[in-house]
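What follows is each chain in one-letter form.
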Amino acid sequence: MRYLFSVIHDRPGLATPEEDAAIDVFNDRLQAEGHWVFAGGLASPGTATVVDNRGGAAMVTDGPFLESKEFLAGFWIIEAADLDVALRLAAEGSKACNRKVEVRPFA
Amino acid sequence: MNGIDVREAITQAHRAEWARVVAALTRRFGDLDIAEEAAAEAFATAVERWPADGVPPNPGAWLTTTAGRKAIDRIRRENKRDDKHREARMVYDDDPPEPVGAIDDDRLRLIFTCCHPALAMEARVALTLRMVAGLTMPEIARAFLVAESAMGQRITRAKAKIKAARIPYRMPSAEDLPARVSGVLAVLYLVFNEGYLATGPGTDPVRRELTAEAIRLTRLIRVLLPGDGEVAGLLALMLLTEARRPARVSAGGELVALDEQDRGAWDTALIAEGHRLVRERLAAAAAGAAPGRFQILAAINAVHTSARDMRDTDWSQVLALYDQLVRLDPSPVVALNRAIAVAELDGPEVALAAVDRLESRLAGYHAYHATRADLLRRLGRGREARAAYDTAIGLAGNTAEIAALTRRRDQLP
């Protein structure tokens, strides 16, 4: 079963060197234990561009699709047997990156 | 066997076997929906057949077998439509047949799944009452003053999340277990409290069916987890509280405070059972096991139920237990209850000072104002007491409590 861990943050600024180091340790563990699928940290929401080509003519807009106080700062995609395993990993991930984590299963 | 006996046998079987049947089917078919529906159909079949065929010698086995057949029928019907996945699961169900002793573990699995922390509290309560206690949807909807359709949706949503997010159907790992057990106990305590002091004006002030159900489920957990101190503590707390229920509402429909209750009306058998459990936990504490919140609350209630009257109560013991509880749970509600013991030991003035310090955090809580009102009344500060009673009455939801507060206010000189 795959889960998306969305890292939620509400302040500008990327991860500190200490946070990066803790994330590396956590990532190593995910790989060693077979949970790792993919992960990445994102640049700030101000760097986003939204493209909408539903109407045939692609509309390009500067900025994130939703202006909100909280934003996606990064993510993990992990493999876990069930939600209990995923929640335990998310607790460790949240501690490592020092941010909130939303756990959501893939359909 | 006459009709009344058969009905009684069905009621008995429902009480004793519902959770077992649902739990066994959930394990076998990996699906709460199928388990719930098939269990309900099996009981409906019993209602139809037992009056004519007689009650089977082993009602539980009959119900499990019947429910299993109903589940397979349903899966076949659905497979004819399209779901190949379900067919695979049914055909290749290679779980070995359950040894009898493991069936109890199934019920525990079911309880842990229904009380999973990833579900909202109200969903946990509803699911537990439906899947474990076997209450019907209308019964649960009535219990929480929610429209039946809304309650149905709440349960459906919870079951969908269990499936989609794969909330597991198994015992929590050893490291998760203490937190998960306390999550289950929180659900049961909430059900009990809603029964013991209903929060809404639209129901009876005390609701025997909810307190009874909470006690029954806690007894079940106690059988399944006999070594857990907090389970014993919660059961003792419920029994010692339930024991006072006969004296709790007056003939005139008013909530009767502890100091005015007819202690002769208390249920001595429940008290004896509760005291036995508290003694068991005291012995464990003496051997080094740190008591949790429910064990301390049970001990406080054991002190109250040991006293012949309010004056005879060992208030220094009560206060010592509250001090212990505050260290564990520094919430303002615990501090408020502690102040009531302070009033008995050091007088209402000292207690009032302690209560007033809680204002910023408890200003919206009726019991804060009711406690203040009583203390002000005892201090002869009638005008302030009246204002505090008014605020408490405005915030309270329980009809019997409102009646009692109103009388106290109206009796102020």
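Here the structure is a predicted model, which is why all the values come from computation and not from measurement.

A few words on the interface of chain B and chain A. In this complex, chain B contributes twelve residues to the contact, which on the side of chain A involves ten residues. For the pair chain B and chain A, the summed buried area comes to about 890 Å², and 49% of that belongs to carbon and sulfur atoms. Looking at the side of chain B facing chain A, the largest losses of area belong to Ala165(B), Arg166(B) and Arg170(B), adding up to 47% of the total buried there. Applying the counting criterion to the chain B and chain A interface returns four salt bridges. Its salt-bridge partner being Asp84(A), residue Arg180(B) comes within 3.2 Å of it at the nearest N-O pair. One can count eight residue pairs in polar contact (both at pLDDT 80 or more) joining chain B with chain A. When the residues that make up the side of chain B that touches chain A are grouped by side-chain class, the tally is five nonpolar, two polar and five charged.

All names here are of chain B. Orientation of helix α9 (residues 177-196) relative to helix α11 (residues 229-242), taken along the N-to-C sense of each, is 5°, at an axis distance of 10 Å. In terms of orientation, α9 and α11 fall into the roughly parallel class. Here Val181, Leu185, Leu188, Tyr189, Phe192 and Tyr196 of α9 lie close against α11, whose contacting residues are Glu230, Val231, Leu234, Leu237, Met238, Thr241 and Glu242. Among the residues making up the contact of α9 with α11, the classes are represented as ten nonpolar, one polar and two charged.

Residue and element names in this part refer to chain B. Taken as a whole and judged by the stated rule, the model has 42 salt bridges over all chains. In this structure, arginine 27 and aspartate 106 form a salt bridge, with 3.6 Å as the shortest nitrogen-oxygen distance. One end of the pair, arginine 27, is in helix α1 (residues 3-29); the other, aspartate 106, is in helix α5 (residues 103-114), and 79 residues separate them in sequence. Glutamate 273 is paired through a salt bridge with arginine 219; the nearest N and O atoms lie 2.5 Å apart. You can see glutamate 273 sitting in helix α12 (residues 268-286) and its partner arginine 219 sitting in helix α10 (residues 208-224), a full 54 residues away along the chain. On the accessibility criterion, arginine 219 (31% relative accessible area) is partly exposed. Several salt bridges share partner residues, and in doing so they unite Glu254, Glu260, Asp374, Arg377, Arg407 and Arg408 into one network.

What follows deals with the environment of Thr313(B). Residues and elements named next belong to chain B. Among the secondary structure elements, threonine 313 is positioned in the loop between α13 (293-306) and α14 (315-328). Judged by its relative accessible area of 6%, threonine 313 falls in the buried class. Engagement of the side chain of threonine 313 in a polar contact is seen with the backbone oxygen of aspartate 309, the distance being 3.1 Å. Within the local environment of threonine 313, its side chain forms a polar contact with the backbone oxygen of methionine 310, the two atoms lying 2.9 Å apart.

All names here are of chain B. Domain assignment breaks chain B into domain 1 (4-91) and domain 2 (105-166 + 173-207). Taking the mean C-alpha position of each, domain 1 and domain 2 sit 22 Å from one another. The interface of domain 1 with domain 2 comprises 15 residues on the first partner and twelve residues on the second. The three residues of domain 1 that bury the most area against domain 2 are Trp18, Leu32 and Glu36, which together make up 41% of that side's buried surface.

The rules behind each value
- Residues numbered from 1 in each chain as written.
- Chains lettered and ligands numbered in written order.
- Predicted model: local features only at pLDDT ≥ 70, side-chain atom pairs only at ≥ 80, totals over all residues.
- Heavy atoms only, no water.
- Contact = heavy atoms within 4.5 Å.
- Buried area = accessible area lost by both parts, 1.4 Å probe.
- Salt bridge = Lys/Arg side-chain N within 4 Å of Asp/Glu carboxyl O.
- Polar contact = N/O pair within 3.5 Å; in protein donor to acceptor, adjacent residues only side chain to side chain.
- Nonpolar A, V, L, I, M, F, W, Y, C, P; charged D, E, K, R; others polar.
- Axes fitted to C-alpha atoms, helices over the stretch in contact; angles between N-to-C directions.
- Helix = DSSP H or I, 4+ residues; strand = E, 2+ residues; numbered from the N terminus.
- Parallel < 35°, antiparallel > 145°, perpendicular 65-115°, else oblique.
- Buried < 20%, exposed > 50% of the residue type's maximum accessible area, 1.4 Å probe, protein only.
- Domains from an automatic or database assignment.

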